[in-house]
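Given next are the chains, with one letter for each unit.
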Amino acid sequence: MQPEATVRLPEENIRELVVKFFLAHHLNQPQAESMANMLTAAQRDGSLSHGLQRLPGTLDTMAHPHFNKQAEPVAERITSVFTRVDAQNGFSCLAVERGLPNLTESAREFGVGILAIRNGFHSTALWPLVEKAASLGVAVMSMNPTHSYVVPTGGSKALLGTNPMAFAWPRPNKRPYVFDFATSAAARADIAMRKNAGQQIPVGWGVDKDGQATTDPAAVLAGAMLPFGSHKGSAISTMIELLAGPMIGGRTSRDCMQFDQGADAAPCHGELFIAFSPELISGPEAMQSAENLFSGFNEQEARLPGDRRYAIRDVSAREGIPVSTSLLNRILALIP
Ligand code: NDP
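Computed from a prediction, not measured in an experiment: that's the story for all the values here.

Caption draft 1: Here's a closer look at the nonpolar core. Membership of the largest hydrophobic core comes to 54 residues, with the highest contact counts inside it found for F22 and F91. F91 has contacts with F22, L27, Q31, M35, T58, T61, M62, F67 and F121, leaving out every residue within four places of it along the chain.

Caption draft 2: A look at the site of the ligand. Close to the ligand lie 24 residues, the nearest being T124, D180, A182, G306 and R308. Between the ligand and D307, the relevant distance is 3.5 Å, taken from an oxygen atom to a main-chain nitrogen or oxygen of the residue. Within the backbone of R309, an N or O atom sits 3.4 Å from an oxygen atom of the ligand. Its free accessible area being 920 Å², the ligand has 73% of it covered by the protein chains. Looking at the shell around the ligand, the elements that each hand over two or more residues are β7 (174-181) and α12 (307-319). The element best represented in the shell around the ligand is β7, accounting for 4 residues. Taken together, the residues of the shell around the ligand break down into 10 nonpolar, 8 polar and 6 charged.

Caption draft 3: How the structure looks around the packing of helix α4 (residues 92-110) against helix α5 (residues 127-135). Running from N to C, α4 and α5 cross one another at 20°; their axes reach a closest spacing of 11 Å. Here α4 lies roughly parallel to α5, going by the angle between them. Crossing of α4 over α5 shows right-handed handedness. Contacts from C93, V96, E97, L100 and T104 in α4 reach L129, K132 and A133 in α5. Partitioning the contact of α4 with α5 into residue classes produces 5 nonpolar, 1 polar and 2 charged.

Calculation notes
For every chain, the first residue of the written sequence is number 1, and numbering continues from 1 onward in sequence order. Selection of residues for local features in this predicted model requires a pLDDT of at least 70, selection of side-chain atom pairs for listing and counting requires 80 or more, and totals for whole chains, interfaces and linings are taken over all residues. Side-chain measures here rest on the full set of heavy atoms in the structure, leaving out hydrogens and waters. The set of buried Ala, Val, Leu, Ile, Met, Phe, Trp, Tyr and Cys residues whose side-chain atoms join them within 4.5 Å is what this entry labels a nonpolar core. Working definition: with a 1.4 Å probe on protein chains only, accessible area under 20% of the residue-type maximum means buried, over 50% means exposed, and in between means partly exposed. Two residues form a contact once any of their heavy atoms are found within 4.5 Å. Whether a residue is near a molecule or strand is decided by its heavy atoms; if any one of them lies within 4 Å of it, the residue is near. The term polar contact refers here to a pair of N or O atoms within 3.5 Å; inside protein, the definition further demands a hydrogen-donor-capable atom paired with an acceptor-capable atom, and it admits residues adjacent in sequence only when both atoms are side-chain atoms. Note on areas: Shrake-Rupley, 1.4 Å probe, and residue coverage restricted to the protein chains presented here. Strands here mean DSSP runs of E at least two residues long; helices mean DSSP runs of H or I at least four residues long; both are numbered from the N terminus. By the convention adopted, Pro, Cys, Tyr, Trp, Phe, Met, Ile, Leu, Val and Ala count as nonpolar, Lys, Arg, Asp and Glu as charged, and the other residues, Gly among them, as polar. With axes taken as lines fitted to C-alpha atoms, and helix axes fitted only over the stretch in contact, angles between N-to-C directions fall between 0 and 180 degrees. Angles are sorted into four bins: roughly parallel if under 35 degrees, roughly antiparallel if over 145, roughly perpendicular if 65 to 115, and oblique for all others. What makes a crossing left-handed is the near helix being turned counterclockwise from the far one by less than a right angle; a clockwise turn instead makes it right-handed.

Treat this as a map of the structure, not an account of what it does.
Right, dumping it as structure tokens:
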């Protein structure tokens, strides 16, 4: 197969393109900028399933009957450690950006901070915002339900979401340690990408509509996905449903699916962020002890999650961010 033609563009040009796209579709400026930050970061770091290829699909989300293009979320400090932000049925990332200062302040002052987002349409990667929080010196985890595409272990019907979880740990004079992945065997966007590329998927990612194992991505998208790690992934995914659903007054993945009303929009749900200050909880030795742990990875040349992205980020900074020309043309054609 021929490699896809790409162009490399400066980061600022990509951000401007995304803002222009959203403003042309009447999204307010703060949401347009917030979405541009997320999609540009993903494209820059080689997280392609959550980069510019997400842009055309946002039109379906913005066409959802409850989507609010004028949302202006406001952070409410409910207690000294707990902040809530209602995303007002707009894109969730603006609500998170507006809640992050309270989250990190609470963690630094009291050792822990909790941020609960409600009513946000969400389809972006989690790592950009946990990395941002960790860059401010706190450890942070984030999780959310999605749409009910995943069969719980032992069951036969999709009930759980692909429920991603991310975690970031601050590192003195280094970029944070960050992981971010779905609790399904693969992210749905990756299955869709393989379908579009005419590729098969590995066994264990999903089943067809009759519950039979398959390597056909189209059959899995029409059938159901599987959790990672069998019963372990199923239980972690259930925890995410509970903590980022009922606990914060948000929807479960099944409720999100019902709310979608067949619009094929991004799921509209809550998100939970919990931040900790290792230094306040146990003193500066916490940071050194963590560095000793990370050295153990380096000694055996085991890479840390995040290292691949950081390496791609450095290349993007030097040479520009690669974008497939066909995707770029598709996006340009969608700007009226
Ligand atoms: P992957 O299975 O690709 O795992 C990604 C994570 O694992 C990254 O942190 C990655 O670091 C790390 N990693 C991968 N390979 C290795 C390795 N060999 N050694 C060490 N670390 C490794 O992720 P998914 O496909 O499950 O998810 C991809 C994205 O999809 C995530 O960003 C997630 O947020 C997003 N998503 C979003 C949803 C939403 O609700 N909005 C729903 C589901 C998924 P690195 O990046 O450096 O490779």
